[in-house]
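Architecture and fold: a report
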Amino acid sequence: MARVQLIIPDEDRERFVRQAQREGLTFSAWLRAAARDRLEARERDRRFQTREDLQRFFEECDAREGPGVEPDWDEHKRAIEESRIKGLPNV
C-alpha cells in the first residue's frame, strides 16, 4: 500500500477529521472513501465518446436486468392511469 502526504489547510483538516469521526472512520479511511465516491460519481457522469461506448452501456444495462422479457409499455400506462383514477399514490 502506498503512503501519500497531503498539504491541507488547518481549518479543512479539522472539518474533515470531525466528519470522519461522525461517520465512525479514521481520517485516512474517510479521505479514501471521499476519493472513491468522487471517482465513481465522475464515472457515472461520463459521456459516450464512441458507438462502442454506447453499445457497451446497453449491454451492461441488459446484463443487470437479467434474462427475461421487458413488460409491455401499454400495460404500464394502463396501470399508471388506473392508479391516478383510483387516487392511489404516484409511484
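Residues numbered from 1 in each chain as written. Predicted model: local features only at pLDDT ≥ 70, side-chain atom pairs only at ≥ 80, totals over all residues. Heavy atoms only, no water.

A look at empty space enclosed by the protein
- One pass over the full model with this rule turns up one cavity of 30 Å³ or more.
- As a volume, the largest cavity reaches approximately 40 Å³.
- Forming the walls of the largest cavity are R46, F48, D53, R56, F57 and E60. (1 Å grid on protein atoms, 1.4 Å probe; cavity = no way out; pocket = protein on both sides within 12 Å on 5 of 7 lines; lining within 4 Å. Points joined across faces, edges and corners; volume = space filled by probe spheres on them.)

Re helix α1 (residues 10-22)
- Its 13 residues place the ends of α1 18 Å apart at the C-alpha level, agreeing with the 18 Å of an ideal helix rising 1.5 Å per residue.
- Looking one or two residues past α1, G24 carries a phi angle of roughly 75 degrees, positive in sign. (Helix = DSSP H or I, 4+ residues; strand = E, 2+ residues; numbered from the N terminus. Expected span 1.5 Å × (residues − 1).)

Digging into the layout of surface pockets
- Taken as a whole, the largest pocket holds about 380 Å³ of empty space.
- At four residues, the largest contribution of residues to the lining of the largest pocket is made by helix α2 (residues 27-45).
- In terms of residue class, the lining of the largest pocket is made up of seven nonpolar, two polar and three charged.
- By volume, the second largest pocket is sized at about 160 Å³.
- Lining of the second largest pocket is provided by E43, R44, R46, F48, F57, E60 and R64. (Nonpolar A, V, L, I, M, F, W, Y, C, P; charged D, E, K, R; others polar.)

Focus on the pattern of salt bridges
- Under the definition given, this model contains four salt bridges.
- For R15, the salt bridge identified is with D12, shortest N-O distance 3.4 Å. Remark: D12 and R15 occur in helix α1; sequence separation between them is three residues, near one turn of the helix.
- For D12, a relative accessible area of 24% puts it in the partly exposed group.
- Linking R84 and E81 is a salt bridge whose minimum nitrogen-to-oxygen distance equals 3.8 Å. With R84 and E81 both in helix α4 (residues 73-86), this residue pair falls three residues apart, about one helical turn. (Salt bridge = Lys/Arg side-chain N within 4 Å of Asp/Glu carboxyl O. Buried < 20%, exposed > 50% of the residue type's maximum accessible area, 1.4 Å probe, protein only.)

A closer look at the confidence of the model for the chain
- Per-residue pLDDT for the chain has a mean of 86; in total, 96% of the residues score no lower than 70.
- Of all helices and strands in the chain, the one with the weakest mean pLDDT is α4 (85), whereas α1 scores best (95). (pLDDT = per-residue confidence, 0-100.)

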